[in-house]
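Observations on the three-dimensional arrangement
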Amino acid sequence: MEIIIEALEEQGVSANLLKEIAAFRAHYPVEEALQNRVTAPDMPYYGRETFEMAAYALLQGENILLTGSKATGKNILAENLAWVFGRPSYNMSFHVNMDSSALVGADTFRGGEVQLRPGPVYQCAVNGGFGIFDEINMAKNDAVSVLHATLDYRRIMDVPGYDKIHLHDATRFIGTMNYGYAGTRELNEALVSRFLVIEMPTVTEESLTYILKRMFPDFKAEGLSQICGLFLDLQLKADNNEISTKPLDLRGLIGALKTVHAGLSPRAALRMGIVNKSFDLFEREIVEDIVMTRIPEEWTAAALF
Ligand SMILES: Nc1ncnc2c1ncn2[C@@H]1O[C@H](COP(=O)(O)OP(=O)(O)OP(=O)(O)O)[C@@H](O)[C@H]1O
Ligand SMILES: [Mg+2]
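Computed from a predicted structure; not experimentally measured.

Cut-off values and rules
- Residues numbered from 1 in each chain as written.
- Chains lettered and ligands numbered in written order.
- Predicted model: local features only at pLDDT ≥ 70, side-chain atom pairs only at ≥ 80, totals over all residues.
- Heavy atoms only, no water.
- Helix = DSSP H or I, 4+ residues; strand = E, 2+ residues; numbered from the N terminus.
- Buried < 20%, exposed > 50% of the residue type's maximum accessible area, 1.4 Å probe, protein only.
- Contact = heavy atoms within 4.5 Å.
- Pairing = 2+ DSSP bridges.
- Axes fitted to C-alpha atoms, helices over the stretch in contact; angles between N-to-C directions.
- Polar contact = N/O pair within 3.5 Å; in protein donor to acceptor, adjacent residues only side chain to side chain.
- Parallel < 35°, antiparallel > 145°, perpendicular 65-115°, else oblique.
- Left-handed = near helix turned anticlockwise from the far one by under 90°.
- Nonpolar A, V, L, I, M, F, W, Y, C, P; charged D, E, K, R; others polar.
- Core = buried A, V, L, I, M, F, W, Y, C linked by side-chain atoms within 4.5 Å.

1. Structural notes on the overall build of the protein
A tally of regular secondary structure across the protein gives 14 helices and 9 strands. A principal-axis box enclosing the C-alpha atoms of the protein has dimensions of 70 × 40 × 40 Å. With 305 residues in all, the protein has 51% of them scored as buried. Pairs at least 24 apart in sequence give 77% of the contacts found in the protein among residues at least 6 apart.

Below you can see the structure in the form of structure tokens.
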């Protein structure tokens, strides 16, 4: 807990806000049986303003929807929030074939009787959890319409054939969505209206440097600067529509850097993590050129770590 809080303090997150979050934690202790759902994120989220918006909203009892392109830290932010608020988290990956029973629960036979097997939203609701609706715009609208009363001021869940349940006071929901991905659809207005919407910023030199240093504390200065420059070059080209956003993949970059850390040459690693993410020959050449300008061929892993 301290590591994440300290990182937020270092970023200048409002001390008052952090105090209110601590008060929330103290007000809603987590019972022993749920402790294993209170999980530490891999790393602190970097982005003071975004963190503050999200945390203030959650403190006011709002649900939030994080929108932005791939690898902008939506999940890492959601995990950081659940952790600092000290709540058990329930992750639900939405998909096209999902129906409402996958969220709420379904009938099951137990001891010769029909009983409800509570779904993740149900468990999250009664346990005061932070429910993460991952890629919420993948699901069909009728699957999520069951959540309307859960997500607005009523804070109830109506389980067909069973009782209505009231949400625990600490329960919150965090949606994530990405407009660009194949298979995503427009979120229905009624659903969006139940969230405060936060647009995730794209990386800057400062945030990228922070993230990579945090992941690889032994990154050498010159290598780090070239790797950040490479990513920002790609971002600029994508912004100018000279390339698509496919090779602009922070997750891919991090994966590639892990292989360099283990000994692979930077060029080969970047081919896997960045260049080959593009399946268009013309685009791939542009990306390869950018990599060649930034990363000399003779560089070995030792140039970075
Ligand atoms: N602002 C940030 N702070 C910390 N880590 C970040 C940030 N932005 C991106 N990352 C890192 O990038 C990787 C991807 O982050 P994450 O999975 O949260 O992205 P996402 O927005 O959910 O992506 P997708 O839309 O593809 O699901 C992680 O390793 C994460 O640590
Ligand atoms: Mg995600």
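2. Topic: the sheet that holds strand S9 (residues 196-199)
Paired through backbone hydrogen bonds, the strands of a sheet run either parallel or antiparallel to each other. Strand order in the open sheet made by the 5 strands is S2-S5-S8-S1-S9, with parallel pairing throughout. Looking along the sheet, the strands with just one partner apiece sit at the ends: strand S2 (89-93) and S9. The mean angle between the axes of side-by-side strands here comes to 20°, regardless of whether they run parallel or antiparallel. Where strand S1 (residues 64-67) lies against S9, 4 bridges are found, and the strand directions are parallel. The residue bridging Ile64 from the neighbouring strand is Leu196, located in S9. On the sheet, helix H3 (residues 48-59) packs against S1, strand S5 (130-134), strand S8 (172-177) and S9 and is oriented at approximately 170° with respect to S9. Relative to the sheet, helix H6 (residues 120-127) contacts S2, S5 and S8, its axis offset from that of S2 by approximately 160°.

3. So, the side chain of Thr176
By the secondary structure assignment, Thr176 is in strand S8. Look at Thr176 and you get buried, because its relative accessible area is 0%. Here Glu135 takes part through its backbone nitrogen, which lies 3.0 Å from a polar atom of the side chain of Thr176. The contacts of Thr176, once residues within four sequence positions are left out, are Leu65, Leu66, Lys74, Ile132, Phe133, Asp134, Glu135, Ile136 and Asn137.

4. Some thoughts on the packing of helix H11 (residues 221-239) against helix H14 (residues 281-294)
Axis separation between H11 and H14 bottoms out at 9 Å; the angle between their running directions is 150°. By the angle class used here, H11 and H14 are roughly antiparallel. Between H11 and H14 lies a crossing of right-handed hand. Taken together, the residues of H14 that come into contact with H11 (itself represented by Gln226, Gly229, Leu230, Asp233, Leu234 and Lys237) are Ile286, Val287, Ile290, Val291 and Arg294. Looking at the contact of H11 with H14 residue by residue, the classes come out as 6 nonpolar, 2 polar and 3 charged.

5. Looking at the nonpolar core
Membership of the largest hydrophobic core comes to 62 residues, with the highest contact counts inside it found for Phe51, Leu81, Phe85, Phe94 and Phe133. Not counting residues up to four positions away in its chain, the partners in contact with Phe133 are Met92, Phe94, Val121, Leu147, Leu151, Phe173, Ile174, Gly175, Thr176 and Phe195. Formed by 34 residues, the second largest nonpolar core is a distinct cluster that contains Leu208, Leu234, Ile274 and Ile295.

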